[in-house]
Amino acid sequence: MELPVLFTDYTRNLLGDEDYMRLTAALEAEQPVSIRLNPLKPFAFQLGEDEVPWCASGFYLKERLTFTFDPLFHAGCYYVQEASSMFVEQVLRQHWGEEPAVMLDLCAAPGGKSTHVRSILPENSLLIANEVIRNRSQILAENLAKWGHTGVVVTNNDPSDFTPLKDLFDIILTDVPCSGEGMFRKDPVAVSEWSLENVEVCWRRQRRIISDIWPCLKPGGILIYSTCTYNTKENEENIRWIRDEFGAEVLPLDVAEDWNITGNLLPGEHFPVYRFLPYKTKGEGFFMAVLRKPGMSSRKAWDERLSVRGKVSVTPGVRGENAKGKGRKPQGKGMKTPGLSKEQLSVFRNWIPASDEYEFIQNDGSVSAFPKCYLPELSALQSSLRIVQAGVGIAEQKGKDWIPNHALAMSRILGPDAFPREEISYGQAIAYLRKEAVTLSDAAPRGVVLLTYKDIPLGFVKNIGNRANNLYPQEWRIRSGYLPEKVRGISD
């Protein structure tokens, strides 16, 4: 790997000759592969691989599997994620208790850290996952839908759009855009795009992002700052700036010595930070620090939050047509759809055993279920942000009929007896995920059927007898018609 000369000079000076040579050797070595399991969707995980020591659900694999052709990957049973970034788990476990939290993942796509923190946050928490680039926000929404949690809102906004939402979040994760030095082994494009000028642009942008988002953090709240780069300008120097500019406290974490995590590299400073260097830790380059906003937390008691059920008005247009953020034009007023009848609403409620805990919100020919206890937060978000998805999609209108949304099949709130189920083979599962026709057994009933693979829900079809109409989302389908000769899935 041919590294930029200026990067070599800077990093050699930062690490020293010996460690720099170890770094360059590591960048030429094979990249480790790691996954994180979804605790909501247990399955027969048979690989017996090494655990990621700082993540209870993380595992290193001995080889890269054919993830695209593994139905359990598409069903949200696991996420392919770089191991170093799983360290965010330690922050939540060590600096947050069991009280429900309102958390923002500001730069969230494609969704690795969002799905991770959503699994760790206490029950009845709310996660807002944001991505500024529109097409990447759709990928983020897809990955979170597959993960299956209900307390999630996906937004598509610039960090400055959040500034009016003062004191809304208990925790903010800012995995800020950076110069990407820690991704050189994983992404050759990152090498070609690196320059000192870009480092300067990045650290200034990072400070702008923190300035925009700091008012949204509650007093006593936690800010998690991370990058995938090595230089101190985007790392320690920015943490020092946040500390001095906003009076933040830099928080320590207890880490095991054998994790081989490196500390502060800024001369004269000793505040705690956590660096992952690929010649010391099994993963890619990564940096993280944790800061607390001064002041006492103003969180309301949980019983007070529950008392707002049904008392807050939420605008039906949760997909963005009410967004005001920074003068942007609404994305469109959407189609007018008739109000739900009591009979139809009763059907939807029968699909969800705990339906009394959710508000059913209709918009643009779709219906979503959103936790009632967080309606005030949803109303606040709607006042400033472009919302891609809130809660779990329940149903979509096709002509005069309502069909279940694929997100419902992925969700933990789907009742076990809401739909008849049909277990399918690997070949049928791949055909379904390619959105091809699927033929069910003669015993399968007519109407909507939930397909399962290895007892994990995969999605819906509408069985009409001689064939089944494939209801898998068109935009999520496997586009490749190629099937490798040797396919190895996570449970093989």
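Residues numbered from 1 in each chain as written. Predicted model: local features only at pLDDT ≥ 70, side-chain atom pairs only at ≥ 80, totals over all residues. Heavy atoms only, no water.

### What to know about the UniProt feature "active site" (unreviewed entry) in the protein chain
Here is step 1 of the chain: Residues annotated by UniProt as "active site" (unreviewed entry) correspond here to Cys228.
Here is step 2 of the chain: When you line up the elements, Cys228 lands in the loop between strand S8 (217-227) and helix H9 (236-246).
Here is step 3 of the chain: For Cys228, a relative accessible area of 21% translates into the label partly exposed.
Here is step 4 of the chain: Excluding residues that lie within four positions of it along the chain, Cys228 makes contacts with Cys178, Gly180, Glu181, Gly182, Met183, Gly285 and Phe286. (UniProt positions renumbered as here; feature names shortened; annotations may be inferred. Helix = DSSP H or I, 4+ residues; strand = E, 2+ residues; numbered from the N terminus. Buried < 20%, exposed > 50% of the residue type's maximum accessible area, 1.4 Å probe, protein only. Contact = heavy atoms within 4.5 Å.)

### A few points about the nonpolar core
Here is step 1 of the chain: By size, the foremost hydrophobic cluster in this structure holds 41 residues, and its most contacted members are Ile128, Phe162, Phe169, Ile239, Ile242, Phe370 and Leu381.
Here is step 2 of the chain: Contacts of Phe169, omitting those with residues within four sequence positions, involve Val102, Met103, Leu104, Ile128, Phe162, Cys216, Leu217, Lys218 and Leu381.
Here is step 3 of the chain: One finds Phe43, Tyr432, Ala468 and Trp476 within the second-largest nonpolar core, a separate group that totals 32 residues. (Core = buried A, V, L, I, M, F, W, Y, C linked by side-chain atoms within 4.5 Å.)

### Focus on the UniProt feature "binding site: S-adenosyl-L-methionine" (unreviewed entry) in the protein chain
Here is step 1 of the chain: If you check UniProt for "binding site: S-adenosyl-L-methionine" (unreviewed entry), the listed places come out as Cys107, Ala108, Ala109, Pro110, Gly111, Gly112, Lys113, Glu131, Asp158 and Asp175 in our numbering.
Here is step 2 of the chain: The topology assignment puts Ala108 in the loop between strand S4 (102-105) and helix H5 (112-120).
Here is step 3 of the chain: Among the residues examined, Ala108 registers a relative accessible area of 5% and is labelled buried.
Here is step 4 of the chain: If sequence neighbours within four positions are ignored, Ala108 has contacts with Ser114, Ala129, Asn130, Glu131 and Leu140.
Here is step 5 of the chain: Within the secondary structure, Gly111 sits in the loop between S4 and H5.

### Examining the packing of H5 against helix H6 (residues 134-147)
Here is step 1 of the chain: For the pair H5 and H6, interaxial distance at closest approach is 9 Å and the crossing angle is 30°. You can see that H5 and H6 cross each other, and the crossing is right-handed. Side by side, H5 and H6 meet where Ser114, Thr115 and Ser119 of the first sit next to Leu140, Asn143, Leu144 and Trp147 of the second.
Here is step 2 of the chain: Class assignment for the residues of the contact of H5 with H6 results in three nonpolar, four polar and no charged. (Axes fitted to C-alpha atoms, helices over the stretch in contact; angles between N-to-C directions. Left-handed = near helix turned anticlockwise from the far one by under 90°. Nonpolar A, V, L, I, M, F, W, Y, C, P; charged D, E, K, R; others polar.)

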